[in-house]
Amino acid sequence: HSMNIGIFGATGQVGGVMRQILIERNFPVDSIRFFASSKSAGTIIRWKDQDIEVENAHTASYDNLDIALFSCGATTSLEIAEKVAAAGAVVIDNSSAFRMDDDVPLVVPEVNAREIKNLKKNIIANPNCTTMVAMPVLKPLHDKWNLRKLIVTTFQAVSGAGIRGVEELKLQVDDLHERVDELAFSSEVERNLKPNTFPIPVAFNVIPFAGSLVDDGEFETNEEKKFRDESRKILDIQDLEVTATCTRVGVMTGHSISITGFFENQTNRNEAIKLLQSAPSVVLSDLPNPVESAGKDPSYVGRIRINSSNKNELSLFVAGDNLRKGAALNAIQIAEELLRI
């Protein structure tokens, strides 16, 4: 059966990828509507062979939508998602607004698709793009050996901060292009770059800080907190210990994560490789990296190794496209699951 689809945040970065993936995957669309902020309302977006006018997300009628794909930020989601859901659409929300709501399933279809049936509010949440990349990899390992604790360091692309993040890296790279010979020897060059979206220059650099500080005296960022809270909910391990350090790197697209998992039972490298080879949405790679993952659907995983002095400890490296599986693709996979119910 075909569906009436609405994309909220249609003019943004993830909204653009959503439009493209609906076409790529031949999603059965009966009609499609695009919504955005008042400043983008009225613009025309070409979709397949139609010109569609963007509607104002706050003032439009929400009638006759079956599925509403939201990628317009937590503030807007909190303002209108429940109204759209009340008008009859299932909202699949890409923001952090409802992820930790007990009445809202937080879904990665390869991991916990069955949660989709628990539609108390007509809203389903999409995880944070970094958590997402790790989930299809950690699920089969947890099922086999029982995951107890995670220590992770993320390397997050600038597109995770939206179009502003991408523009900032482009400007800084252009600025440094002229002076690339000095770069190896001088921090002065870096200091002249004007950071705006990020706290310090991101071009040719690693920033040991992604997101914003959570104001509870813990000195942790919201990206780090999201990784912990969402991993617990998606994998259904309430007491999972998680220590995350989230960094921002001078990469356009593709989040990578160095992961060490501590399991209740002894792990085995060959068995881990076998499990991951057959895991949905996971591809083994010798050196998984953001460039390899950009524009692709799976999570790429490699550098799999067991701690020689503790066989319960397994380390690996994962990379995935933060705009596709990390956001748009997962939302559309959830929509595909809804078609099956």
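Draft legend 1. Looking closely at the pairing of strand β4 (residues 50-53). Examined bridge by bridge, strand β3 (residues 44-47) and β4 share four bridges and lie antiparallel to one another. Within β4, the residue paired with Trp 47 across the bridge is Gln 50. Remark: two residues form the turn of the hairpin made by β3 and β4, two consecutive strands paired antiparallel; Lys 48 in that turn has positive phi of roughly 55°.

Draft legend 2. Spotlight on the layout of surface pockets. The calculated volume of the largest pocket comes to roughly 1,200 Å³. The wall of the largest pocket is formed by 47 residues, among which Ser 71, Gly 73, Gly 160, Ala 161 and Gly 162 lie closest to the centre. When contributions to the lining of the largest pocket are tallied by element, the ones reaching two or more residues are α1 (13-24), α2 (74-86), α5 (163-177), α8 (222-235) and α11 (324-340). Here the residues of the lining of the largest pocket are counted per class, giving 15 nonpolar, 26 polar and six charged. Listed by contribution, the elements that provide at least two residues to the lining of the second largest pocket are α3 (109-112) and α8.

Draft legend 3. The arrangement of the side chain of Ser 159 in detail. Counting through the fold element by element, Ser 159 comes out in the loop between β9 (147-156) and α5. In terms of polar contacts, Ser 159 uses its side chain to reach the backbone carbonyl oxygen of Met 252, at 2.7 Å. If near-sequence neighbours (up to four positions away) are discounted, Ser 159 is found in contact with Gln 13, Val 166, Met 252, Thr 253, Asn 322 and Leu 323.

What counts, and where the lines are drawn
- Residues numbered from 1 in each chain as written.
- Predicted model: local features only at pLDDT ≥ 70, side-chain atom pairs only at ≥ 80, totals over all residues.
- Heavy atoms only, no water.
- Pairing = 2+ DSSP bridges.
- Helix = DSSP H or I, 4+ residues; strand = E, 2+ residues; numbered from the N terminus.
- 1 Å grid on protein atoms, 1.4 Å probe; cavity = no way out; pocket = protein on both sides within 12 Å on 5 of 7 lines; lining within 4 Å.
- Points joined across faces, edges and corners; volume = space filled by probe spheres on them.
- Nonpolar A, V, L, I, M, F, W, Y, C, P; charged D, E, K, R; others polar.
- Polar contact = N/O pair within 3.5 Å; in protein donor to acceptor, adjacent residues only side chain to side chain.
- Contact = heavy atoms within 4.5 Å.

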